[in-house]
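# Secondary and tertiary structure notes
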Amino acid sequence: MTIQTILAADPAATACSGCGLIVAGGVDGCQGVFDDESAREYADVRFAARRRMVVDTYALQHAERYCASATSLAAHLTGLCIAMEHRGREVELTAAFLRWLCRGRVLTKPRLPEDRGPLTIADVRAAMELIDHRAAVDGWARGTWDAYAALHPIARAWVAPVVAR
């Protein structure tokens, strides 16, 4: 039995407006699953290896809350772009991009996709073994990145100045 099956069995469960997870409390319940996952990652550093990817993926699936401005969208979208397309350079490129972004850039926020990917934070939270957790994070992030395919050119353009250095 998966965590989504357990969550969906609750009569108070409703769909999260961001990712579609069926959970008691809807979007607030989904935030609770994210908070539980965050606590696990902070308590056991082995689970935190892809923490930035987890945060960016969750933010993009819950963009109304975490990507309200063009700047916040740029931070999370480029974070996932860097994680997907520049593995091994995430720390360096993310830091460089955030410095670039903080220099008062004026960005236009593009239209966000309605579908935010097939997996949710519950898929990550359900992974109890480290190897399964890493695979769940990677699959969840890949599905979300793919859902944002229409915004890939924008993300790549935002990242280009720091990749070129």
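In this report, the structure presented in the accompanying data block is examined. In this text, all values refer to a predicted model and were calculated from it rather than measured experimentally.

Thresholds applied
Residues numbered from 1 in each chain as written. Predicted model: local features only at pLDDT ≥ 70, side-chain atom pairs only at ≥ 80, totals over all residues. Heavy atoms only, no water. Buried < 20%, exposed > 50% of the residue type's maximum accessible area, 1.4 Å probe, protein only. Helix = DSSP H or I, 4+ residues; strand = E, 2+ residues; numbered from the N terminus. Arc of directions from axis to C-beta. Contact = heavy atoms within 4.5 Å. Core = buried A, V, L, I, M, F, W, Y, C linked by side-chain atoms within 4.5 Å. 1 Å grid on protein atoms, 1.4 Å probe; cavity = no way out; pocket = protein on both sides within 12 Å on 5 of 7 lines; lining within 4 Å. Points joined across faces, edges and corners; volume = space filled by probe spheres on them. Polar contact = N/O pair within 3.5 Å; in protein donor to acceptor, adjacent residues only side chain to side chain. Phe/Tyr/Trp six-rings, centres within 6.5 Å; stacked < 30°, edge-to-face > 60°.

Those residues of helix 9 (residues 152–163) that sit buried are His-152, Ala-155, Trp-158, Val-159 and Val-162. Down the axis of helix 9, the buried set is contained in an arc of 135°. They therefore lie on one face. Along its buried surface, helix 9 packs onto helix 5 (70–85), helix 6 (90–101) and helix 8 (130–147).

In this structure, Leu-21, Cys-30, Leu-77 and Ile-121 are the most contacted members of the largest nonpolar core, which totals 46 residues. For this core, the secondary structure elements donating two or more residues are helix 2 (27–43), helix 3 (51–61), helix 5, helix 6, helix 7 (121–125), helix 8 and helix 9. Ranked by residues supplied to this core, first place goes to helix 5 with 10 residues. When near neighbours in sequence (up to four residues on either side) are disregarded, Cys-30 contacts Cys-16, Cys-19, Leu-21, Val-23, Tyr-58, His-62 and Ile-121.

Attention now goes to the layout of surface pockets. If you add up the space inside the largest pocket, you get close to 180 Å³. Of all the elements in the fold, those that place two or more residues in the lining of the largest pocket are helix 3, helix 5 and helix 6.

For the rest of this paragraph, the subject is the side chain of Glu-37. Structurally, the position occupied by Glu-37 is in helix 2. According to the relative accessible area criterion, Glu-37 is buried, its value standing at 0%. Of note is the side chain of Glu-37, whose polar atom sits 2.7 Å from the side chain of His-133. Apart from residues no more than four positions distant in its own chain, Glu-37 is found in contact with Ile-121, Val-124, Arg-125 and His-133.

Take the packing of aromatic side chains next. Applying the stated criterion to the full structure yields 3 aromatic pairs. Both rings, one in Phe-34 and one in Tyr-58, keep their centres 4.2 Å apart while their planes meet at 20°; by these two values the pair is stacked. Residue Phe-34 is found in helix 2, and its partner Tyr-58 is found in helix 3; the two are separated by 24 residues along the sequence. Overall, the relative accessible area of 9% leaves Phe-34 in the buried class. Since its relative accessible area comes to 2%, Tyr-58 is described here as buried. Each residue in the set Phe-34, Tyr-58 and Tyr-66 is aromatic and connected to the rest through ring pairs, giving one cluster.

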